[in-house]
Amino acid sequence: MYQNHLNPNDLRTYPVQPKPCKTCPFEGETPIQLSPERYHYFINNLAGNGQHLCHSKNNKAICRGARNIQLRMLCAMGLLDNSTDEEFNKKMNEIIGEI
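Quick look at the structure, then. Keep in mind it's a predicted model, so treat the numbers as computed, not measured. (Residues numbered from 1 in each chain as written. Predicted model: local features only at pLDDT ≥ 70, side-chain atom pairs only at ≥ 80, totals over all residues. Heavy atoms only, no water.)

1. Focus: the overall build of the protein
Now for step 1: When you go through the protein residue by residue, the secondary structure sums to three helices and zero strands.
Now for step 2: Along its sequence from the N terminus, the protein presents helices and strands in the succession α-α-α.
Now for step 3: Taking 99 residues into account, the globule formula puts the C-alpha radius of gyration at 13 Å, and the protein, at 13 Å, falls close to it.
Now for step 4: Principal axes of the C-alpha set define a box for the protein whose edges measure 35 × 35 × 20 Å.
Now for step 5: Taken across its 99 residues, the protein has 35% of its residues classed as buried.
Now for step 6: Of all intrachain contacts in the protein linking residues separated by at least 6 positions in sequence, the fraction that spans at least 24 positions is 45%.
Now for step 7: Of the roughly 6,400 Å² of accessible surface on the protein, a fraction of 49% belongs to carbon and sulfur atoms.
Now for step 8: Averaging the locations of the 11 positively and 10 negatively charged side chains of the protein gives two centres separated by 7 Å. (Helix = DSSP H or I, 4+ residues; strand = E, 2+ residues; numbered from the N terminus. Rg over C-alpha atoms; globule rule 2.2 N^0.38 Å. Buried < 20%, exposed > 50% of the residue type's maximum accessible area, 1.4 Å probe, protein only. Contact = heavy atoms within 4.5 Å. Areas by Shrake-Rupley, 256 points an atom, 1.4 Å probe, with all protein chains shown as cover. Lys, Arg positive; Asp, Glu negative; His and termini not counted. Charge placed at Lys NZ, Arg CZ, Asp CG, Glu CD.)

2. What to know about the layout of surface pockets
Now for step 1: Taken as a whole, the largest pocket holds about 480 Å³ of empty space.
Now for step 2: The wall of the largest pocket is formed by 25 residues, among which Arg 12, Gln 51, Gln 70, Phe 88 and Met 92 lie closest to the centre.
Now for step 3: Residue assignment for the lining of the largest pocket shows that the elements contributing at least two residues are α2 (64-76) and α3 (85-96).
Now for step 4: Examining the composition of the lining of the largest pocket, we find that seven residues originate from one element, α3, more than from any other.
Now for step 5: Looking at side-chain class alone, the lining of the largest pocket contains 13 nonpolar, seven polar and five charged residues. (1 Å grid on protein atoms, 1.4 Å probe; cavity = no way out; pocket = protein on both sides within 12 Å on 5 of 7 lines; lining within 4 Å. Points joined across faces, edges and corners; volume = space filled by probe spheres on them. Nonpolar A, V, L, I, M, F, W, Y, C, P; charged D, E, K, R; others polar.)

3. Focus: the packing of aromatic side chains
Now for step 1: Applying the stated criterion across every chain yields a total of three aromatic pairs.
Now for step 2: Ring geometry for Phe 26 versus Phe 42: centroids 6.3 Å apart, planes at 70°, classification edge-to-face. Remark: Phe 42 occurs in helix α1 (residues 36-46) and Phe 26 occurs in the segment before α1; sequence separation between them is 16 residues. For the pair Phe 26 and Phe 42, a shared accessibility class is recorded, and that class is buried. (Phe/Tyr/Trp six-rings, centres within 6.5 Å; stacked < 30°, edge-to-face > 60°.)

4. Notes on the nonpolar core
Now for step 1: Counting residues in each nonpolar core, the largest one holds 10 residues, listed as Cys 21, Cys 24, Phe 26, Phe 42, Ile 43, Leu 46, Cys 54, Cys 63, Ala 66 and Ile 69.
Now for step 2: For this core, the elements supplying multiple residues, two or more each, are α1 and α2. (Core = buried A, V, L, I, M, F, W, Y, C linked by side-chain atoms within 4.5 Å.)

5. So, the side chain of Asp 10
Now for step 1: Considering the arrangement of structural elements, one finds Asp 10 in the segment before α1.
Now for step 2: The class for Asp 10 is buried, based on a relative accessible area of 16%.
Now for step 3: Polar side-chain contacts of Asp 10 include one of 2.8 Å to the side chain of Arg 12. (Polar contact = N/O pair within 3.5 Å; in protein donor to acceptor, adjacent residues only side chain to side chain.)

6. Quick word on the environment of Cys 21
Now for step 1: Note on placement: Cys 21 falls in the segment before α1.
Now for step 2: Residues Cys 21 and Pro 31, spaced 10 residues apart in sequence, show a C-alpha to C-alpha distance of 8.8 Å.
Now for step 3: Apart from the residues lying within four places of it in its own chain, the contact partners of Cys 21 are Gly 28, Cys 54, His 55 and Ser 56.

Written out as structure tokens, the structure is:
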């Protein structure tokens, strides 16, 4: 999508991984281990403060495993109607403005 124009101040410009990488700490087949404190930090961040970048893509893509968790949380909180990337992007554009 916007991969050639990554803007660290606007993570909507980053592509989202199509599926979790093998070592994704959130949904990977063989997840890297995180301390409970670090995992809690990441989950709190996903609840409304930001995105999680994929470690296997050198932080140049949104982590699919984290995004899946984020979508479910935001939908459960009533902030999204559906837990999809399209719904997330639509809501972000409503709140922040179009890219």
